[in-house]
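Structure assessment
Spelled out, the chains give:
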Amino acid sequence: MDFTLPETALAVQEGVRAIGARYDHAYWSRLEEEHRFPWEVWTDLADGGWLGLTVPEEYGGGGQGMLELAVACETLAASGGTGGTFLYVLTPGFGATTLARHGSEEQKKRLLPGLASGGTQFCMALTEPDAGSDALRIRTRAVRDGGDFVINGQKIWISGLENADWMIAITRTVPAEEAKPRTSGFTLFLVDVKEAVAAGTLQYTPIPKLGSNVVTSSQVFFDDVRVPAENVLGEVDGGFAVLWDVLNPERILAAAGGVGTADAALDVAVRYAKERQVFGRPIGANQGIQFPLAQIKAKTELGRLMTYKAAWLFDRGLPCHAETNIAKLTGAQVGWEAANQAFQTFGGMAYSKEYPVERLFRDSRIARNIPVAEELVLAHIGTQVLGLPRSY
């Protein structure tokens, strides 16, 4: 058993860290205030090849795996760009990783080069206002019409749509009440976002939100969105198997973002605890400050190990549902705990926007609710790992 990161992952870590060093906390806080996408960071990551890591080399990418992508995401978050986790979840995660595994040859040739270069952005649309966490109950419907499918329905909390060229839309081609088994009847589509918006069949409304405003999240309306059958991702009615290869990377990258957020919050808190003098000594000398930070450091390293393990299993095609859930649970929890403890370390000054703590605090909290609620993760561990009876 070797816990040393491979040279490929170390190169990613070094490259992304060098880019992150160009953009300090003030940069990310300014963009948060302006609700502006970090185009400068995006361009630098694209130019360095750090966005197309999971695109196969024959399409211009790095030919790497989920481990390298998780390291990139973690490193960007650790630099202070905690909201930048979405940069890796949306396009490299939803777009490149899914297409590389499940796209047709025509789809790969058409889309992967743009994903490798950073010239193409993706989003994914699953969550619905009425279904919520019960993904099997989504009602967005796709109906065949000649050589096309026509999509109608609603989605909510769809992030990155304003910059996306393409959307992976998860639909029902068999209504939930008719599907047997319940996981059948799903079909995933590649929707040309700009084309549908221009046609007036796809509309979206940004949702005002507490944090991570470097990426917009929206409510989305499908009104006879027409998609050619060649844009089906995977098989008609058989999309649930593809969906797992969307959701597992999402959870791994969310976990990596949480671990990176914990690193960023710890760095800010430790620096302040060394410099801030009260009662004639640094506050970091007080065990009431020191021990909670030390505890979070230990939890951060545990979260990092589970994130890497989940990515390692995914790359080898091994079962990893439990590991991705555990990684997401621990990464989200330690990211939030670190930001919360950084807030406590700064005392009243944490409330000031002079420091990045309030932004880290806001960015980190949502990770315990998305991309899957903490309670559902615990239910999965309880029933599927421990074998306890279901409550429903």
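Nothing here was measured: the structure is a model prediction, and the numbers come from that model.

1. Notes on the environment of Arg137
Here Arg137 lies in the loop between β1 (122-125) and β2 (141-145). Of the residues examined, Arg137 reaches a relative accessible area of 39% and is grouped as partly exposed. Linking Arg137 and Ala285, residues 148 residues apart in sequence, is a C-alpha distance of 53 Å.

2. With respect to the packing of helix α2 (residues 25-34) against helix α11 (residues 357-365)
In contact at an axis separation of 10 Å, α2 and α11 are set at 65° when each is read in the N-to-C sense. Helix-helix and strand crossings are classified by hand; for α2 and α11 the assignment is left-handed. Counting all contacts with α2, which are made through His25, Trp28, Ser29 and Glu32, the residues of α11 involved are Arg359, Leu360, Arg362 and Asp363.

3. Some details on the packing of helix α4 (residues 66-78) against helix α9 (residues 287-315)
The contact between α4 and α9 brings their axes to 8 Å, and the two run at 150°. In contact with Met66, Leu67, Glu68, Ala70, Val71 and Glu74 of α4, α9 contributes Arg304, Thr307, Tyr308, Ala311, Phe314 and Asp315. Of the residues assigned to the contact of α4 with α9, the class counts are seven nonpolar, one polar and four charged.

4. Focus on the pattern of salt bridges
By the definition in use, this model includes 20 salt bridges. Asp145 is the partner of Arg226 in a salt bridge, and the nearest nitrogen-oxygen pair spans 2.8 Å. Here Arg226 is found in strand β7 (residues 217-228), whereas its partner Asp145 is found in strand β2, with 81 residues between them in sequence. Linking Arg368 and Glu374 is a salt bridge whose minimum nitrogen-to-oxygen distance equals 2.8 Å.

5. Remarks on the packing of aromatic side chains
According to the stated counting rule, one finds 13 aromatic pairs in the structure shown. Between the aromatic rings of Phe346 and Tyr355, the centroid separation amounts to 5.1 Å while the plane-to-plane angle is 65°, which identifies the pairing as edge-to-face. Following the ring pairs from residue to residue traces out a cluster consisting of Trp336, Phe343, Tyr351 and Phe361. Above the face of the Phe314 ring, Arg101 is positioned so that its terminal group lies 3.9 Å from the ring centre.

6. Some remarks on the UniProt feature "domain: Acyl-CoA dehydrogenase/oxidase C-terminal" (unreviewed entry) in the chain
Under the UniProt annotation, the feature "domain: Acyl-CoA dehydrogenase/oxidase C-terminal" (unreviewed entry) is placed at residues 238-368. Structurally, residues 238-368 is divided into 77% helix and 3% strand, and its ends, taken at the C-alpha atoms, are 30 Å apart.

7. Concerning the side chain of Glu250
With respect to the element layout, Glu250 can be found in helix α8 (residues 239-275). Buried within the structure, Glu250 lacks any salt-bridge partner; Arg251 is the closest side chain of opposite charge, at an N-O distance of 5.5 Å. Aside from chain neighbours lying at most four places away, what touches Glu250 is Val89, Phe94, Met124 and Pro371.

8. Quick look at α2
Among the residues of α2, His25, Tyr27, Trp28, Ser29, Leu31 and Glu32 are the ones counted as buried. Tucked into the core, α2 has its buried residues touching α3 (39-47), α4, α8 and α11. The opening residue of α2, the one whose side-chain oxygen lies 3.2 Å from the backbone nitrogen of Ala26, is Asp24. Just beyond α2, the residue with positive phi is His35, at close to 55°.

Calculation rules
- Residues numbered from 1 in each chain as written.
- Predicted model: local features only at pLDDT ≥ 70, side-chain atom pairs only at ≥ 80, totals over all residues.
- Heavy atoms only, no water.
- Helix = DSSP H or I, 4+ residues; strand = E, 2+ residues; numbered from the N terminus.
- Buried < 20%, exposed > 50% of the residue type's maximum accessible area, 1.4 Å probe, protein only.
- Axes fitted to C-alpha atoms, helices over the stretch in contact; angles between N-to-C directions.
- Left-handed = near helix turned anticlockwise from the far one by under 90°.
- Contact = heavy atoms within 4.5 Å.
- Nonpolar A, V, L, I, M, F, W, Y, C, P; charged D, E, K, R; others polar.
- Salt bridge = Lys/Arg side-chain N within 4 Å of Asp/Glu carboxyl O.
- Phe/Tyr/Trp six-rings, centres within 6.5 Å; stacked < 30°, edge-to-face > 60°.
- Lys NZ or Arg CZ within 6 Å of the ring centre and 35° of its normal.
- UniProt positions renumbered as here; feature names shortened; annotations may be inferred.
- Lys, Arg positive; Asp, Glu negative; His and termini not counted.
- Polar contact = N/O pair within 3.5 Å; in protein donor to acceptor, adjacent residues only side chain to side chain.

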